[in-house]
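# Geometric and topological summary
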Amino acid sequence: MSDARGGMDATKSRRPGPYLGAAVRIDQIEADARLAEAVLRDCASLTPEIDMKWDALQPGPGDWRTGPADGLVAFARRHGLEVRGHTLLWDQSTPAWAKARLERAPGDWKIVADYFQAVLGRYGDAVSEWDVVNEPIDSEAPDGLRATVFQKAYGPTYIERALHEARAHAPNARLVLNDYGFDYDNPVEHQRRAAFLRLLEQLKTSGAPLDGVGVQAHLDLSKGPLKREILAPFFTRIADLGLSIAITELDVKEDGRRGGVAERDRKVADHVQAYLDIALDQPSVTGLTTWGLSDRHSWLQKQPLHPSANPTGMNRGLPYDGALEPKPVYWTIQQAVSGAKGPSTLTSR
Ligand code: XIL
């Protein structure tokens, strides 16, 4: 791990820094030498942005397409990087054929058991941490749990069962629940935090093999300031349950993409600084992954824009711009995790 962050001045950090990681796609790494360089320079951990989702791995019942995930795992292994497994159960990435089966035979656990056995059997040794269930929370639902295809097929205990199933096939991996919408001071996110904490408490009480949580942290400049009095107690409650916390999908959606680039980049960097000032004060936060490295590849380019946005402009919410040049937020992140002070560290390597 220290190799991947080599060259950073770690003497100023408050504690052994959390690891830095990024969501990546192996096809993009292979096609772009500058991206590969940035990955190797910055990352101790990689998350497959797409390639370990169910619809990517098994688009049809007998149709396994493990090439890209295998490639990513081999790349990580070659360079001594950890891999976060993303993700075993996510409604949105469940292939249509599996959804149809779950709807036809609700209660039949075999489809999940077979899938976990295959995927965890293949990547068990390579993946250190799994997002076992992604995005289980829905603040609108009476019990706070999203009415996913799994919830409908198995009832609310599907999460606990999935954790036990994962543990059976991956005895050494860290097992995690990953979700979004916990960051801001508004009624929906208050409810989402409360529902998530309730779920975590229930799982711990029932003895489910849950090791940690993933806080996605898709930040959004239109949602107002980040508040310590909101975020810090949320992190503390999770830590008090004995769970580790990883920030798993950090990026920033701009509000409108207007103004000069320097001003916009400052705003993004300040927002991330405010977030990390709070999050990294919590010792149970063990890692920080950004959802991509370069704006060029950011999923936010495909998100609906604020009506006043300049539709031709790129969102600038990741460490590197579209030309793979580091932006102020790059240094904000580097400094937060390792105490590195400025661009000289980057250019000297
Ligand atoms: C996104 C990818 O970035 C997109 O390329 C893909 O089309 C859809 O999924 N929360 C998650 C991630 O947990 O898996 C999502 O990734 C972004 C939101």
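Residues numbered from 1 in each chain as written. Predicted model: local features only at pLDDT ≥ 70, side-chain atom pairs only at ≥ 80, totals over all residues. Heavy atoms only, no water.

Our focus in this paragraph is the pairing of strand E2 (residues 45-48). The alternating pattern of E2 places Ser45 and Thr47 on one face and Leu46 and Pro48 on the opposite face, and all of these are buried. One ladder, built from four bridges, connects strand E1 (residues 19-24) with E2; its direction is parallel. Bridge assignment links Ala22 to a residue of E2, and that residue is Leu46. Examined bridge by bridge, E2 and strand E3 (residues 82-89) share two bridges and lie parallel to one another. Looking across to E3, one finds that Ser45 is bridged to Glu82. (Buried < 20%, exposed > 50% of the residue type's maximum accessible area, 1.4 Å probe, protein only. Helix = DSSP H or I, 4+ residues; strand = E, 2+ residues; numbered from the N terminus. Pairing = 2+ DSSP bridges.)

The immediate surroundings of the ligand are formed by 13 residues, with Glu49, Lys53, His86, Asn134 and Glu249 found nearest. Glu49 is positioned with one of its side-chain polar atoms (N or O) 2.5 Å from an oxygen atom of the ligand. With respect to the ligand, the side chain of Asn134 contributes an N or O atom lying 2.9 Å from an oxygen atom. Bound to the protein, the ligand loses 81% of the 410 Å² it would expose on its own. (Near = heavy atom within 4 Å. Polar contact = N/O pair within 3.5 Å; in protein donor to acceptor, adjacent residues only side chain to side chain. Areas by Shrake-Rupley, 256 points an atom, 1.4 Å probe, with all protein chains shown as cover.)

Let's shift gears to the side chain of His218. Following the sequence through the fold, His218 ends up in strand E7 (residues 218-220). The residues touching His218, leaving out its near neighbours within four places in the chain, are Asp183, Glu249, Asp251, Trp291 and Trp299. (Contact = heavy atoms within 4.5 Å.)

This part covers the nonpolar core. Phe116, Trp130, Val132, Leu177, Ile247 and Tyr275 are the most contacted members of the largest nonpolar core, which totals 99 residues. Looking at this core, the element that brings in the most residues is helix H6 (residues 110-123), giving eight residues. Ignoring sequence-local partners within four residues, the contact set of Leu177 consists of Val133, Ile159, Leu163, Phe196, Leu199, Leu200, Leu203, Leu210, Gly212, Val213 and Gly214. (Core = buried A, V, L, I, M, F, W, Y, C linked by side-chain atoms within 4.5 Å.)

Right, let's get into the packing of aromatic side chains. A ring pair, where both rings are aromatic, is described by two values, the distance of the centres and the angle of the planes. Applying the stated criterion across every chain yields a total of eleven aromatic pairs. Ring centres of Trp109 and Tyr154 lie 4.8 Å apart, and the angle between their planes is 70°; on these two criteria the pair is classed as edge-to-face. Of the two residues, Trp109 sits in the loop between helix H5 (96-104) and H6 while Tyr154 sits in helix H7 (residues 149-154), which places them 45 residues apart along the sequence. Comparing Trp109 with Tyr154, the two get one shared label, buried. Where Phe150 meets Tyr158, the ring centres are 6.1 Å apart and the plane angle is 25°; that geometry is what we call stacked. Taking the relative accessible area as the measure of exposure, Tyr158 reaches 2% and is therefore buried. (Phe/Tyr/Trp six-rings, centres within 6.5 Å; stacked < 30°, edge-to-face > 60°.)

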